[in-house]
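The chain contents come next:
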Amino acid sequence: MHVATKCSVNANVEKGAKGVVANRRNPAKSCRTDNALRAVRVDRQCASEGRPDELHRRGGSGVATFLATCVASATLLGAPLDASAVVGGKGNASTPLSGLDLSNQDLRNNDYTKSVLKQTKFDGSNLTGVSFFACFAKGATFQGANLSLADLEQGDFEGANFTNAVLEGAFVNAANFTGIELEGSDWTDVVLRKDVYQQLCAVASGTNPTTGVDTRDSLSCE
């Protein structure tokens with residue numbers, strides 16, 4: 001885990017492993033030199049559990065485990081969730097992102113490689129260039145999302161909803177699109193295997209409201 005070499009008593013955000021972000025401002029605390037015990041601020045949702053200093057006693061995988069618990073608790077309570085607090089990524093496939101609402105956000109800096117995203121909502125979000133490589137996104141929704149140049153290769157998107165999404169130039173090799181909804185989606189410059197091409201053209205319809213491109217035309221359906 002990368003650890004910053006300096007800290008400030010007025011810092012509002014401190015970062016540990018990628019995707020571990022906390023944003024609760026606490027009273028001034030002295031800096032500890034032991035890297036394994038570097039202070040990490042606790043998110044408001046975690047602080048509400050009455051354990052604001054828990055992360056200060058943990059390091060490495062303990063941080064990710066505790067944050068995962070907090071995210072799950074916040075979800076059950078219906079609390080609003082900032083995507084910056086639950087960034088997926090390489091090595092974080094167990095992070096509980098399933099069922100979360102990450103709609104209408106700028107997520108271009110996030111990495112969902114090998115993440116579990118079952119029924120996660122990305123509706124209206126900017127996902128340009130984002131990696132969903134080998135993710136499990138069964139039933140996820142991407143309605144109106146911008147997935148231009150995104151990496152969806154080897155991802156499982158069975159039953160996902162891509163209505164009105166823009167996938168221009170996306171990479172989809174070996175991705176599973178069984179049973180997806182794609183009305184109004186734009187697949188311009190997406191390279192598809194023949195069987196996937198036939199599968200999508202069999203149900204393609206509509207016109208993308210953002211690009212004005214007909215879905216069947218974007219797929220070059222006959």
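Note: the structure precedes this text.
Scope of this entry: the structure provided in the associated data block. What you see is a predicted model; the values in this text were computed from it and never measured.

Moving on to unusual backbone geometry. Even without being glycine, N104 reaches a positive phi, approximately 55°. Along the chain, N104 turns up in the loop between helix 2 (61-77) and helix 3 (194-201). Among the residues examined, N104 registers a relative accessible area of 62% and is labelled exposed. Its identity as a non-glycine residue notwithstanding, Q154 has a phi of 65°, on the positive side. Looking at the secondary structure, you find Q154 in the loop between helix 2 and helix 3.

Now for the side chain of S148. With respect to the helices and strands, S148 occurs in the loop between helix 2 and helix 3. Exposure remark for S148: the relative accessible area of 13% places this residue in the buried category. Within the local environment of S148, its side chain forms a polar contact with the side chain of N146, the two groups lying 2.7 Å apart. Setting aside anything within four residues of it in sequence, one finds S148 in contact with L127, T128, G129, V166, L167 and E168.

The tally for this structure, following the rule as stated, stands at 12 aromatic pairs. An angle of 20° between the planes, with centres 5.3 Å apart, marks the rings of Y112 and F132 as stacked. Pair noted here: Y112 is in the loop between helix 2 and helix 3 and F132 is in the loop between helix 2 and helix 3, with a separation of 20 residues, a long-range link. Take F132: its relative accessible area is 0%, and that puts it in the buried class.

The rules we used
Residues numbered from 1 in each chain as written. Predicted model: local features only at pLDDT ≥ 70, side-chain atom pairs only at ≥ 80, totals over all residues. Heavy atoms only, no water. Helix = DSSP H or I, 4+ residues; strand = E, 2+ residues; numbered from the N terminus. Buried < 20%, exposed > 50% of the residue type's maximum accessible area, 1.4 Å probe, protein only. Polar contact = N/O pair within 3.5 Å; in protein donor to acceptor, adjacent residues only side chain to side chain. Contact = heavy atoms within 4.5 Å. Phe/Tyr/Trp six-rings, centres within 6.5 Å; stacked < 30°, edge-to-face > 60°.

These results come straight from atomic positions and should not be treated as a statement about function.
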